[in-house]
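# Residue-level structural notes
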Amino acid sequence: MAYKALYLFRFGGLNLFLPTIGEIYKMNYNFREIEAKWQKYWAENETFQATNQSDKPKFYALSMFPYPSGAGLHVGHPLGYIAGDIYARFKRHKGFNVLHPMGYDSFGLPAEQYAIQTGQHPAITTETNINRYREQLDQLGFSFDWSREVRTSDPKYYKWTQWVFIQLFNSWYNKVSDKAEDISTLVSTFEGEGNGRVEAVCDEDTPVFSAEDWSDFSAKTKQEILLKYRLTYLADTEVNWCPALGTVLANDEIVNGVSERGGHPVIRKKMTQWSMRITAYAQRLLDGLDTIDWPQPLKDSQTNWIGRSEGASVTFKVKDYDAVIEVFTTRPDTIFGASFMTLAPEHDLVSQITTKEQKEAVETYVQATAKRSERDRMADVKTISGVFTGAYAEHPFTKEPVPIWIGDYVLASYGTGAVMAVPCGDQRDYDFAKHYSIPIPNIFEGIDISEEAFADKANTIIANSDFLNGLSYKEATTKAIAELEKLGQGQGKINYRLRDAVFSRQRYWGEPFPVYYVDGMPQMIDLEHLPLELPEVEKYLPTETGEPPLGNATHWAWDAKNNKVVSNEMLKKVEHDRHSELDSESHEGVYPIELNTMPGWAGSSQYFNRYMDPHNDEAIYSQEAIGYWKDVDLYIGGSEHATGHLLYARFWQKFLFDKGIAPKKEFAQKLINQGMITGASAFIYKDLDSNQIFSKGLKDGKNVIPIHADVSLVNASDELDVEGFKKWQPEYKDAEFILEDGKYVVGREIEKMSKSKYNVVNPDAICEEYGADSLRLYEMFLGPLEQSKPWNTAGITGVHSFLKKLWKLYSPFMDGSLSAVEAEPTAENLKTLHKTIKKVEEDIENFSFNTSVSTFMICVNELTAQKCSSKAVLEPLAILVSPYAPHIAEELWECLGYSESIANAPFPKFEEKYLVESTKEYPISFNGKLRFKLELPLEMGREEIEAAVMAHDRTKEQLQGREPKKIIVVPGKIVNIVG
RNA sequence: GCUCGAGUGGUGGAAUUGGUAGACACGUUGGACUUAAAAUCCAAUGGCCAUUGUGGCCGUGCGGGUUCAAGUCCCGCCUCGAGUACCA
């Protein structure tokens, strides 16, 4: 009651109680103190630890774990984490048992490159960086369950990465059951009947053999054959080799022909590499996309990446040679239009079939293309080049000779590396034919092809094509395939662009393969002897003989008898008296260990499952744990992983599903791509001919180059601190800055946030000035989560003052005391509250976090105006705000008299009845033009509303005695009168 | 080239999916408080016109269309962004 008296006093304008210094300190929203207090509380009380058993429904909210780079976090990094954290906290309020873990993708190139430069062990750099990341993450108040932290570079973790690799090695893909099976089932089939009837995804050069053949094969041959079936296998692959980085790069690590990291040139090179038979899963990876709620653009890019195309494979006999050329075509209906064939210059048959006369020209051409880098080839797509081999193939139906050309527009890596060229139906074939004056037969009814090819399937009617005449694309395709099958020269086929994924990297800082070699054949190390830990090396560069960095290790040989790593000296000692070791059941010697390491995506392909049971040393995770958590309910991360991590992780998950290790075919049901927060770089304009630097408005007409200036030297109105700049870049200390209106104004450009562009905004500084809650709210307020948007610190005062107002709402006496009273809330209070509950709940469910921040602001403004201090309103409001601004919410919650954390307080229930009003404003509109408003009782029906509207003066005035043609009443919305 | 996505005030962005366009915030301007600054509070703020007053016209990239009613739906363009690329 005393409070209430005070309260009335204060709002009555008679503030007689002057606060003491201590009270002033308390009465303000002291975010520094509050945030430190609650971060400590959460850590000490393990508030966010999830249990693997609960009566509550489960919810798994995951954000992509970061690579801990040396630069630390900038304001762009936490965006997705904040969104994920809001959702996780929301779900806790909603009564879910929430798993919200975090960890580090801590293997990677930067740590290794730093090691090369400084000699410091990558583990040390990584540890330092992780500690820094942790500090920054803690500062932002995330509700992560840190007891489940994983690091991909931790041997306890990568033990299981190695284990999955072994499972893949011990599996083959059975097309009949359409899943991965244990390699032992394949071996018993080979023993029983050979491989004639085996339908597997395997290497193309796999020979056909009988059961007898199999038993006669040497142990080594058997292993070689099995390697052609295993889901991870060794093969000579043409790879993207980056000499500058000394490593192989995946396709998605190359941008415009140069390495994504560092921009070094990349060349094609053949190497023996581990590969993953991801192509076995191409169709299932495609089909699975329909079952998951992922962003359409991301699905599209995976679909494109997999690149399914339906068509036919056709074999052409080569005239005068005992050889056939197999081609893949999506247009078997146009087969009568094929007037030549083109092989990729790298095609195996080229050297065999080339005639004497053409030999020189062909060889020159092949060499010339080999020399051209991928980048050059891409740069000039327009140039048409090719050479005739002198050989002819035989058309399967007409038996006419078809000249065989080679040309670099045909890619060795796609399809069979050969095409049947139908110039009338494909623009590239058309251009090629025109260029070399090859005939262009027209096989389309009523189509003019004198200028360009006709590629429109939908409007195709085939002509001049024997049995295909008069048929549509669809009919002709079916018919052509049927006829080809009769001849034994073709069949329907589905082709994928997706290639098997190269899995070896010539790096130090990655997972070692659990593999040693006996007679050059890979052997797996048993689970009980894992992890195989990274050895120490003197230097982190490739060896002088070009071996990967692990070649520098002195202690990197496998003692197969004692199952441990021994020094390379031992290797030499035992090696010379080894016989056919593969034949003996157990290997007792000392053998070399694989020198490559695994790529970055290895560790990230199973981490989400490992979080479920991260400390399990007996299994990758227990079946109880994964049986409970099953899959990720919400995954938040960047779209740049669309065809990398997100595809590989789906592949591993499907494999683990086949093996009965994972219960779900897809690891993440819903995925959201958070947009990038970009930086507004600042530029100064240096005159090229003098020592002058021009302000933005004066640079036009001058010969200037823009130079990045650090954004911290620029104020909100784009004015540069010139003295600060000179201090920062002493090379310009004598430069003359030409000002406009007494100021130096910088130019702005939106770019990706990056250290080298000096546009990085650090969250630490923001937290120091405004607090983590302000930063969290502001990052959400900036715009829709999925959209990329530039950072602009200026606007943060808006959300910060919202928090201050919120604080005041709970503390109107300005003395730090609790103001919430047991007073009955007014109808107005409840209306404001329930409006907010409804909107905020909807917004969170729809991931429209930006609009809910506005809703909070409106709510607090209204409640302040209403002078609301009722507990019945302020309690639920604290819960509503808590996912967004958890620290202040906890503090308010405590002020309201609770000793438990707000984290598990139930989310307020929305009740429609509080929004109901007695009257409603109806906007009235005439012919969509004149508008006025009319307030009418809510319970009025349609006819009553019409009558009330017609009786109104404005209506009469407008209608001037005429009868209205039509009256449209949309319930609760608008009344429209058409006069 | 192909595949997606987006164009709304000075700025970031709202708009219950066809129903009063510009919520909320930044910025700007004016005012209050202050010796002053900061902080805080109040008011105005799409454009043009009218103005003592309630007002009027135009406005969601451009051009058409459907509808009583279009930022939202349809047709045709333009621009920007993202992904991808000689894929047979």
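Report follows, based on the coordinates.

Rules and cut-offs
- Residues numbered from 1 in each chain as written.
- Chains lettered and ligands numbered in written order.
- Predicted model: local features only at pLDDT ≥ 70, side-chain atom pairs only at ≥ 80, totals over all residues.
- Heavy atoms only, no water.
- Helix = DSSP H or I, 4+ residues; strand = E, 2+ residues; numbered from the N terminus.
- Buried < 20%, exposed > 50% of the residue type's maximum accessible area, 1.4 Å probe, protein only.
- Contact = heavy atoms within 4.5 Å.
- Areas by Shrake-Rupley, 256 points an atom, 1.4 Å probe, with all protein chains shown as cover.
- Lys, Arg positive; Asp, Glu negative; His and termini not counted.
- Charge placed at Lys NZ, Arg CZ, Asp CG, Glu CD.
- Near = heavy atom within 4 Å.
- Polar contact = N/O pair within 3.5 Å; in protein donor to acceptor, adjacent residues only side chain to side chain.
- Nonpolar A, V, L, I, M, F, W, Y, C, P; charged D, E, K, R; others polar.
- Core = buried A, V, L, I, M, F, W, Y, C linked by side-chain atoms within 4.5 Å.
- Salt bridge = Lys/Arg side-chain N within 4 Å of Asp/Glu carboxyl O.

A count of helical and extended segments in chain A gives 32 helices and 34 strands. Principal-axis analysis of the C-alpha atoms places the extent of chain A at approximately 110 × 85 × 75 Å. The 979 residues of chain A split such that 53% are buried. Sequence-distant contacts in chain A: of pairs separated by 6 or more residues, those separated by 24 or more amount to 71%. Carbon and sulfur atoms make up 50% of the accessible area of chain A, which totals about 45,000 Å². Counting 105 positive and 140 negative side-chain charges, chain A places the averaged centre of each group 5 Å from the other.

Taken together, 46 residues surround RNA strand B, and among them Thr-330, Tyr-414, Arg-428, Gln-787 and Asn-976 come closest. Backbone sugar and phosphate groups make up 57% of those atoms of RNA strand B lying within 4 Å of the protein. Within the contact set of RNA strand B, a sugar or linking oxygen lies 2.6 Å away from a backbone nitrogen or oxygen of Leu-782. Breaking the surface near RNA strand B down by element, the ones donating at least two residues are α12 (296-306), β11 (324-329), α26 (796-810), α28 (849-865), β31 (919-926), β32 (931-937), β33 (966-970) and β34 (974-978). If you tally residues by element for the surface near RNA strand B, the top one is α28, at 6 residues. Its residues placed into classes, the surface near RNA strand B shows 19 nonpolar, 15 polar and 12 charged.

Looking now at the nonpolar core. The nonpolar side chains of a soluble globular protein tend to be buried, and buried together. One finds Trp-274, Phe-503, Tyr-607, Tyr-635 and Phe-849 to be the most contacted residues of the largest nonpolar core, which totals 181 residues. Residue contributions to this core peak at 9 residues, all from helix α7 (residues 155-169). Residues Met-341, Ala-418, Met-420 and Ile-449 belong to the second largest nonpolar core, which totals 39 residues.

Under the definition given, this model contains 32 salt bridges. Of the charged contacts in the structure, one is a salt bridge between Arg-89 and Asp-85, with a shortest N-O distance of 2.9 Å. Here Asp-85 and Arg-89 lie together in helix α4 (residues 78-93), a separation of 4 residues that amounts to about one turn. Comparing Arg-89 with Asp-85 shows no difference in burial state: the two are buried.

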